[in-house]
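# Topology and contacts: notes
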Amino acid sequence: MCCRATPVHKWSQRKDRIFLEIGVQDAENISAKIENNGEGDNEHGHIHFSCSSSGKDYELDIELFKAISTEDSKWGTESGRGMVRFLILKKEAGPHWPRLQSVKGHYPQCQVDWSRYVDEDEEDETEEKEFDFNNLGGMGGMGGMGDLNFGEGEEDSDDEEVEGVEETTPEAAKTLPEEPIEDA
């Protein structure tokens, strides 16, 4: 094959780590490398990933915004869902990176993982959504959603009456004046 396709990948972060998820169905011949390149202020993490699926080759080569801890970072596959997940620990914890890649640009295959996204200001208050590397084979659907109540049957603060305002019924809203009302 002459060319390798760039797989769709999603990422999110915390002050001390990056979550990277690469979606390739039935991935085979997976190769992944996590390393740092450069020295000092010019040191950047580097992720190299390649695989094949259904006769097509995929490759992802990312120079990260800053250096990472290669010894503590890890990756794994999730059978049945076509996901390869990376847990990349930042070399230095600190503010969120402004982007995943070291070079600004438009990367259409790179997306924010909104299911793991946490605003930097709210990070300490939010329950962590870690990748589970111990159980990567069989993470079914979204369980635990059985008894959701979106405030139905409860009084809300905007349900109280406001003085001088009449409540409109659906029947009253259907009756419009035949002539337009003129401004006074």
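In this report, the structure presented in the accompanying data block is examined. As the structure is a computational prediction, the values presented were derived from the model and not from experiment.

## Regarding the packing of aromatic side chains
Two measures describe an aromatic ring pair: the distance that separates the ring centres and the angle between the ring planes. The full count for this structure, using the stated rule, is four aromatic pairs. With a centroid separation of 6.0 Å and 45° between ring planes, the pair formed by Phe 65 and Trp 97 is classed as tilted. Separated by 32 residues along the polypeptide, Phe 65 in the loop between β5 (56–63) and β6 (68–78) and Trp 97 in the loop between β7 (83–90) and β8 (110–112) bring together distant segments of the chain. Relative accessible area serves as the criterion here: at 5%, Trp 97 is assigned to the buried category. Taken together, the ring pairs in this structure connect Phe 49, Trp 75 and Phe 86 into an aromatic cluster. Lying across the ring of Phe 19, Arg 116 places its NZ or CZ 5.8 Å from the centre.

## Quick look at the sheet that holds β8
Judged by pairing direction, the sheet is mixed, and its five strands sit side by side in the order β6-β7-β2-β1-β8 without closing on themselves. Every other strand in the sheet has two partners, leaving β6 and β8 as the edge strands with one partner each. With strand direction ignored, the average angle separating the axes of adjacent strands in the sheet is 20°. Relative to β7, β6 runs antiparallel, the two being bridged by seven bridges. Paired with Thr 77 across the bridge in β7 is Val 84.

## Here's the deal with unusual backbone geometry
Of note in the backbone geometry, Asp 26 takes a positive phi value of approximately 50° without being a glycine. Mapping Asp 26 onto the fold places it in the loop between β2 (17–23) and β3 (28–37). Here Asn 29, not a glycine, exhibits a phi torsion of approximately 50°, which is positive.

## Looking at the pattern of salt bridges
Per the stated rule, a full pass over the model turns up five salt bridges. Taking the shortest distance from any N to any O, the salt bridge between Arg 17 and Asp 16 comes out at 2.9 Å. The class for Arg 17 is buried, based on a relative accessible area of 16%. When the shortest N-O distance is used, the salt bridge between Lys 33 and Glu 35 registers 3.8 Å.

## Brief notes about the side chain of His 9
By the element assignment, His 9 lies in strand β1 (residues 9–13). Note on His 9: relative accessible area 2%, which makes it buried. Excluding residues that lie within four positions of it along the chain, His 9 makes contacts with Leu 20, Glu 21, Ile 22, Leu 60, Ile 62, Gln 101, Gln 109, Cys 110 and Gln 111.

## A few points about the pairing of β7
Taking burial as the measure, the eight residues of β7 include eight buried ones, the bulk of the element. As judged from the seven bridges shared by β2 and β7, these two strands associate in the antiparallel manner. Following the sheet pairing, Ile 18 is matched in β7 by Ile 88.

## Focus: the sheet that holds β3
Spatially, β3-β4-β5 is the arrangement adopted by the three strands of the open sheet, whose pairing is antiparallel. A strand with exactly one partner marks an edge of an open sheet, and here the two such strands are β3 and β5. On average, adjacent strands in this sheet sit at an angle of 5° to one another, irrespective of strand direction.

The rules behind the values
Residues numbered from 1 in each chain as written. Predicted model: local features only at pLDDT ≥ 70, side-chain atom pairs only at ≥ 80, totals over all residues. Heavy atoms only, no water. Phe/Tyr/Trp six-rings, centres within 6.5 Å; stacked < 30°, edge-to-face > 60°. Helix = DSSP H or I, 4+ residues; strand = E, 2+ residues; numbered from the N terminus. Buried < 20%, exposed > 50% of the residue type's maximum accessible area, 1.4 Å probe, protein only. Lys NZ or Arg CZ within 6 Å of the ring centre and 35° of its normal. Pairing = 2+ DSSP bridges. Axes fitted to C-alpha atoms, helices over the stretch in contact; angles between N-to-C directions. Salt bridge = Lys/Arg side-chain N within 4 Å of Asp/Glu carboxyl O. Contact = heavy atoms within 4.5 Å.

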